[in-house]
Amino acid sequence: MNRPVRWSALVGVLVIFTVLLLAETVVVKIQTTNLRNEPKFYSQTIASLTAGSSLEKLSSQDGWFKVRTAAGVVGWIHSSAVETKKFNLLAVDKSMKTQASAGEVALAAKGFNKQVEENYKAKHGEADFAAVDRMLQLKISPSDVEAFLRKGKLGEFGGGK
Amino acid sequence: MKAPKYWLIAAVACVFGAGLTGCSVVQQGAKVLTDTGKLSEKDRDSIIKTSEALRSTFSEITEQEEYYIGRAVAALILSRYKVYDNGGMTNYVNVLGKAVSYSSDRPETYGGYHFLILDSDEVNALAAPGGFVFVTKGLVKQCKDEEMLASILAHEIGHVSAKHGLASIKKSRLVDAFKILGKEATTRYGPKELAELTGIFENVLGDIVESLVEKGYDRKYEYEADQLGVKFASRTGYDPNGLTRFLKTMVGGASGASGKGWFRTHPTAEDRIGKVDSSIRTMAMVPKTLPVRTERFAQSVKGLKP
């Protein structure tokens, strides 16, 4: 009696972990990023992505993921821009169908958000958020970085990797 | 009679899986198992306790929260220092910093990496969570070539990448915050929750600013950032000896390096040089300093040199 029960429990646990390992959906966790033609930042952009976009992970290489968007576009995204979609173990239970996955919760504007910043700013006039906003306006295009690397014999144009 | 044991195994597997799944899932799961009589209330409580403990570490802070914490820390840094207004030099530091960030372990952050030069003769560099990096005019002046500046930016990117700012937040703050946050995603808080969260936010910023600006990071974080700096700079193609050469200019508090952050506190430049040197010695291939970059550096910062 005991033996089959033990085996079925073991198989059950293995199935759970296999399913977890096969959960190949990743979600963009940063404000904006691009899907690229090749696994490097200055390769051609083929789609723009924003926080919360779900992507199907196809393969990985040197910290980059090859993914497919909902629209079917295939390209590369750096692994630091996404989180692996949390698989809801008990989603099969009907009462939990509506529960947001941990990943979705993490992506919602919870915790320290714009509203908390506004409230903090109202009390702390000395904190210079206007200067921070100007700092965020400093944008460097990947092609400028590419030219910089090339001229300085850096990265793939020199001794780096 | 034996069956509950297997449910316990499954429940423990769920807790183990909390790294992969959400804690609220674990809690809901424990509740379901208890409701169906497959798990005792005592076991359920201990499982829920474990999953909550997993929530109260700094690594549970989301990318977006890190961004808002970083913005406020940067705003406080910018209330203490004036920005050095030089578009060309600022652009140079940003391209250089971005290039190094591409070869880091964390090239993408919620708001991206941004770099500013502070109008101060103090020799200092600071990085707020999420990628707001500052170097003083005094520090840029102290650099003799691009490798030195690249190594310092790589060290700061190391702090961001390893989330040292967030790690310096006292654990009690996060326990307080997670208590309020609960499990539901909310976009607007009511006045009471907002006041409480803002209070915690103030304390969180206090912890980080104390480490970053006043006392300096813990010794182990400085060493780790040096190691990461060596790694990121050399991956980009820079000679990582830029860091040792820079540190050597600071030995014994020479050149008025009584600044904050980088040099005021322990570890001393001498301690850091020893550790950096030995990690460079283990590298299979060490990139060389190239004159083309040294010339570019001299050209880019010439406004600072007398």
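Here the structure is a predicted model, which is why all the values come from computation and not from measurement.

1. Notes on the overall build of chain A
Looking only at helices and strands, chain A has five helices and seven strands in total. The order of α-helices and β-strands along chain A, N terminus first, is α-β-β-β-β-β-β-β-α-α-α-α. Split into buried and exposed, the 161 residues of chain A put 31% on the buried side. Sequence-distant contacts in chain A: of pairs separated by 6 or more residues, those separated by 24 or more amount to 47%.

2. With respect to helix H10 (residues 191-215) of chain B
Compared with the 36 Å implied by 1.5 Å per residue over 25 residues, the 34 Å span of H10 of chain B between its first and last C-alpha is a close match. Along its length, H10 of chain B reaches its greatest deviation from straightness, about 35°, at Val209 of chain B. Within the sequence span of H10 of chain B, burial applies to Leu197, Thr198, Ile200, Phe201, Val204, Leu205, Ile208, Val209 and Leu212 of chain B. As for H10 of chain B, its buried residues are in contact with helix H3 (114-123) of chain A together with helix H4 (63-80), strand S2 (125-128), helix H8 (164-167) and helix H9 (171-181) of chain B. The positive-phi residue at the C-terminal boundary of H10 of chain B is Gly216 of chain B, with phi of around 90°.

3. Focus on the packing of H3 of chain A against H10 of chain B
Running from N to C, H3 of chain A and H10 of chain B point in directions that differ by 75°, and their axes come no closer than 9 Å. Judged by the inter-axis angle, H3 of chain A sits roughly perpendicular to H10 of chain B. Across the interface between the two elements, Gln115, Val116, Asn119 and Tyr120 of chain A of H3 of chain A pack against Leu194, Leu197, Thr198, Phe201 and Glu202 of chain B of H10 of chain B. The class makeup of the residues in the contact of H3 of chain A with H10 of chain B is five nonpolar, three polar and one charged.

4. So, the sheet that holds strand S3 (residues 132-136) of chain B
Residues and elements named next belong to chain B. Spatial ordering of the open sheet is given by S1-S3-S2, a layout of three strands whose pairing is mixed. Of all strands in the sheet, those bounded by a partner on one side alone are strand S1 (114-118) and S2. In this sheet, adjacent strand axes meet at a mean angle of 20° when their direction is disregarded. As defined by bridge partners, S1 adjoins S3 across five bridges and the pair is classed as parallel. Bridged to His114 within S3 is Phe132. Packed on one face of the sheet, helix H7 (residues 146-161) meets S2 and S3 and runs near 30° to S2.

5. Notes on the pairing of strand S1 (residues 25-28) of chain A
Residues in a regular strand project their side chains so that they alternate between the two faces of the sheet. All names here are of chain A. Pairing of S1 with strand S4 (residues 54-61), which is carried by three bridges, proceeds in the antiparallel orientation. Residue pairing across strands places Val27 opposite Ser54, the latter belonging to S4. Here S1 runs beside strand S7 (residues 82-84); their pairing, made up of three bridges, is antiparallel. In the sheet register, Val26 faces S7, and the bridge partner there is Thr84.

6. A word on the environment of Ser141 of chain A
You can see Ser141 of chain A is positioned in the loop between helix H4 (129-136) and helix H5 (142-151). Taking the C-alpha atoms as reference points, Ser141 of chain A and Lys57 of chain A, separated by 84 residues in sequence, lie 26 Å from one another.

7. Thoughts on the confidence of the model for chain B
All names here are of chain B. For chain B, per-residue confidence averages 83 on the pLDDT scale, and residues scoring 70 or more make up 75% of the total. Across residues 14-31, where pLDDT falls below 50, the model places 51 contacts with residues more than four positions away in sequence or in other chains. Across the predicted assembly, pTM comes out at 0.80 and ipTM at 0.80.

8. Quick word on the packing of H4 of chain A against H4 of chain B
For the pair H4 of chain A and H4 of chain B, interaxial distance at closest approach is 8 Å and the crossing angle is 110°. Here H4 of chain B runs roughly perpendicular to H4 of chain A, going by the angle between their axes. Between H4 of chain A and H4 of chain B the crossing geometry is right-handed. Contact residues: H4 of chain A offers Phe129, Ala131, Val132 and Met135 of chain A, while H4 of chain B offers Arg71, Ala74, Ala75 and Leu78 of chain B.

9. A short note on the confidence of the model for chain A
Predicted confidence across chain A gives a mean pLDDT of 83, with 75% of residues reaching 70 or more. Low pLDDT (under 50) marks residues 88-108 of chain A, which in the prediction has 44 contacts with non-local residues, meaning those over four places away or in another chain.

Reading the values: the criteria
Position labels on residues start from 1 in each chain and follow its written sequence. Chains carry letters and ligands carry numbers; both start at the beginning, A for chains and 1 for ligands, and go up in the order they are written. Since the coordinates come from a predicted model, pLDDT governs what is reported: local features require at least 70, and pairs of side-chain atoms require 80 or more to be given and counted, while whole-chain, interface and lining totals use all residues. For the purposes of this entry, the term helix denotes a DSSP run of H or I that reaches at least four residues, the term strand denotes a run of E that reaches at least two, and both are numbered from the N terminus. Working definition of burial: number of other C-beta atoms within 10 Å of the residue's own, with buried at 20 or more, exposed at 12 or fewer, and partly exposed in between, all C-beta atoms being placed from the backbone. Throughout, a residue-residue contact means that the two C-beta atoms, derived from backbone geometry, are no farther apart than 7 Å. One less than the number of residues in a helix, times 1.5 Å, gives the span that helix is expected to have. To get the bend at any residue, fit one axis to the seven residues that end at it and another to the seven that begin at it, then take the angle between the two axes. Axes here mean lines fitted to C-alpha atoms, for a helix over just the part in contact, with angles spanning 0 to 180 degrees between N-to-C directions. What sets the label is the angle itself: under 35 degrees gives roughly parallel, over 145 gives roughly antiparallel, 65 to 115 gives roughly perpendicular, and the rest give oblique. Each residue is assigned to one class: nonpolar for Ala, Val, Leu, Ile, Met, Phe, Trp, Tyr, Cys and Pro, charged for Asp, Glu, Lys and Arg, and polar for all the others, Gly among them. Note on pairing: DSSP must find at least two bridges between two strands before they are called paired. Confidence scores here are pLDDT values: one per residue, from the predictor, ranging 0 to 100. Crossing handedness: left-handed means the near helix sits turned counterclockwise from the far one by under a right angle, and right-handed means the same turn made clockwise.

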